[in-house]
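Chain residues, written in single-letter form:
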Number of protein chains: 2
Amino acid sequence: MSPMPVPLYQAKADFFRTLGHPVRIRVLELLRDGPRPVRELLTEIEVEASNLSQQLAVLRRTGLVGAVREGGTVVYSLATPDVVDLLATARRILTDMITGQGELLAELQAEAAE
Amino acid sequence: MSPMPVPLYQAKADFFRTLGHPVRIRVLELLRDGPRPVRELLTEIEVEASNLSQQLAVLRRTGLVGAVREGGTVVYSLATPDVVDLLATARRILTDMITGQGELLAELQAEAAE
DNA sequence: TTCGCAATTGAAGAATTCTTCAATTCAGCA
DNA sequence: TGCTGAATTGAAGAATTCTTCAATTGCGAA
């Protein structure tokens, strides 16, 4: 059983880390439905333009999104549709965990009522 | 079209952020194959005991893993098997993205062939 | 009890990431 | 040319996360 080469889990961690920001999550979810110009992302995400640009830059560096200039605007899109699967799986896990907490809460309440 | 409630993408971001650390990734991948005592994780992951404990605490708080004390040792396990899907999807995306950067690609393929 | 091992905790400084501001680039148009 | 709106960039301080150390807890054996 060979040990996992060192740089690999670092790469995986870096990858997940780029997803670990609310604005970047929002961008990816908006791009699920197709390419969008920055201007449009900006109207849906309440954040300063320069901040959005910073987060878009992070996503670009990681290679999760691509950007194309079209005249005066820049249009962003997902680099791979797999991202959609990832977000869906994450949501499922989150749902499970919240449900689990709900059950736990219910148990605690039932217990307290005895 | 109602906007996504604010705390939700924050929750998603927090979730991904807990995955954004090489030691935590390693732990989750080791737990894929079943529950393991801390002592055993420690032999496979080269890190100080207190550091591993800190990272395990992060995973516990997020609810991704569970811990049970068995005598002198503590055994960890995945809280939900969905985590396995998430890691697999992430690997697929990484594979897509780094095609052309030989080293990492080879490692990913070797891992997939296990 | 007391010792020893396994694991965790709290806290401090180091390192990284975020947010914001000012300045800059780029394209289109008067 | 110069002006405007769109988007990006660089840099600084603020905020968060990491690593490490020392101290502590829990449990079984002597």
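To be clear, the structure that these remarks concern was listed above.
Anyway, here's the lowdown on the structure attached to this text.

Here is what the cut-offs are and how they apply
Residue indices follow the written sequence of each chain, beginning from 1 at its first position. Both sets of labels track the order of writing: A upward for chains, 1 upward for ligands. Side-chain atom pairs in this predicted model are given and counted only at pLDDT of 80 or more, local residue features only at pLDDT of at least 70, and totals for whole chains, interfaces and linings cover all residues. The basis for every side-chain value is the complete set of heavy atoms in the structure, and neither hydrogens nor water enter the calculation. We define proximity as follows: a residue is near a molecule or strand when any one of its heavy atoms falls within 4 Å of that partner. Definition of a polar contact: a pair of N or O atoms within 3.5 Å, with one able to donate and the other able to accept a hydrogen when the atoms are protein atoms, and with sequence-neighbouring residues admitted only if both atoms are side-chain atoms. What counts as a helix is a DSSP run of H or I of at least four residues, what counts as a strand is a run of E of at least two, and both are numbered from the N terminus. For the exposure calls, accessible area comes from a 1.4 Å probe over protein chains only, and a residue counts as buried if that area is under 20% of its type's maximum, exposed if over 50%, partly exposed in between. Residue contacts are defined here by distance: any two heavy atoms, one from each residue, within 4.5 Å place the two residues in contact. As a working definition, buried area equals the accessible area (1.4 Å probe) given up by two parts on being put together, with both sides summed. Criterion for a salt bridge: a side-chain nitrogen of Lys or Arg within 4 Å of a carboxyl oxygen of Asp or Glu. Aromatic contacts are taken between Phe, Tyr and Trp rings whose centres are within 6.5 Å, Trp giving its six-membered ring; a plane angle under 30 degrees counts as stacked, one over 60 as edge-to-face, and the others as tilted. Here the copies are matched by least squares. The fit uses the C-alpha atoms of residues with pLDDT of at least 70 in both. Here the rule is simple: two strands pair whenever DSSP picks up at least two bridges between them. Angular values range over 0 to 180 degrees, each being the angle between N-to-C directions of two axes fitted as lines to C-alpha atoms, with helices fitted over their stretch in contact.

1. Observations concerning the protein's contact with DNA strand D
The environment of DNA strand D is made up of 23 residues, and the closest members are Arg39, Ser53, Gln54 and Tyr76 of chain A together with His21 of chain B. Close to the protein, within 4 Å, the atoms of DNA strand D are drawn from sugar and phosphate at a rate of 69%. One of the side-chain nitrogen or oxygen atoms of Gln54 of chain A is found 2.9 Å away from a base oxygen of DNA strand D. At 3.3 Å, a side-chain N or O of Glu48 of chain B approaches a phosphate oxygen of DNA strand D. Every element with two or more residues in the surface near DNA strand D is listed here: α3 (38–44), α4 (49–62) and β3 (73–78) of chain A together with α4 (49–62) of chain B.

2. Section: the side chain of Thr80 of chain B
Its location among the elements puts Thr80 of chain B in the loop between β3 (73–78) and α5 (82–97). Thr80 of chain B sits in the buried class, given a relative accessible area of 9%. Looking at Thr80 of chain B, its side chain comes within polar contact range of the main-chain nitrogen of Asp82 of chain B, at 3.1 Å. Filtering out sequence-adjacent residues up to four positions away, Thr80 of chain B remains in contact with Ile93 and Asp96 of chain A together with Leu64 of chain B.

3. Quick word on the interface of chain A and chain B
Every contact between the two is made by 37 residues of chain A and, on the other side, 37 residues of chain B. With both sides pooled, the region where chain A packs onto chain B buries about 3,500 Å², and carbon together with sulfur makes up 70% of that total. The largest per-residue losses of area from chain A upon contact with chain B belong to Lys12, Phe16 and Ile93 of chain A, which jointly make up 17% of the total buried on that side. Where chain A touches chain B, the interface holds six salt bridges. Residue Lys12 of chain A pairs with Glu29 of chain B through a salt bridge whose shortest N-O separation is 2.8 Å. Listing elements by their share of the side of chain A that touches chain B, those giving two or more residues are α1 (6–19), α2 (22–31) and α5 (82–113) of chain A. It is α5 of chain A that provides the largest number of residues to the side of chain A that touches chain B, a total of 13 residues.

4. Some words on the packing of aromatic side chains
Inspection of the entire model under this criterion finds three aromatic pairs over all chains. Note on Phe16 of chain A and Phe16 of chain B: the rings are 6.2 Å apart at their centroids and 20 degrees apart in plane angle, and the pair reads as stacked. With one member in each of two chains, Phe16 of chain A in helix α1 and Phe16 of chain B in helix α1 (residues 6–19) form a pair that bridges those chains. We classify Phe16 of chain A as buried; its relative accessible area is 1%. Taken together, the ring pairs connect Phe15 and Phe16 of chain A together with Phe15 and Phe16 of chain B into an aromatic cluster.

5. Structural notes on the relation of the copies chain A and chain B
Here the second copy of the chain follows from the first by a rotation about an axis and a shift along it. Of the two same-sequence chains, chain A is brought onto chain B (RMSD 0.1 Å, axial shift 0.0 Å) by a rotation of 180 degrees. Between the two chains, the operation in question is that of a two-fold axis. Counting the interface residues of chain A, we find that 86% of their copies in chain B are interface residues as well, pointing to one common contact surface.

6. Things to note about the protein's contact with DNA strand C
By nearness alone, 23 residues border DNA strand C, and His21 of chain A together with Arg39, Ser53, Gln54 and Tyr76 of chain B come closest of all. The sugar-phosphate backbone supplies 69% of the atoms of DNA strand C found within 4 Å of the protein. Interatomic distance of 2.5 Å between a side-chain N/O atom of Ser53 of chain B and a phosphate oxygen of DNA strand C. Contacts to DNA strand C include Tyr76 of chain B, whose side-chain N or O atom sits 2.3 Å from a phosphate oxygen. Looking at the surface near DNA strand C, the elements with two or more residues in it are α4 of chain A together with α3 (38–44), α4 and β3 of chain B. The leading source of residues in the surface near DNA strand C is α4 of chain B, at six residues.

7. Re the sheet that holds β3 of chain A
All names here are of chain A. Taken in spatial order, the three strands of this open sheet run β1-β3-β2, and their pairing is antiparallel. Strands with a single pairing partner mark the edges of an open sheet, and in this sheet they are β1 (36–37) and β2 (65–70). Direction of pairing for β2 relative to β3: antiparallel, over a ladder of six bridges. Looking at β3, one finds that Val68 is bridged to Val75. α2 rests against β1, β2 and β3 of the sheet, and its axis sits at about 85 degrees to β3.

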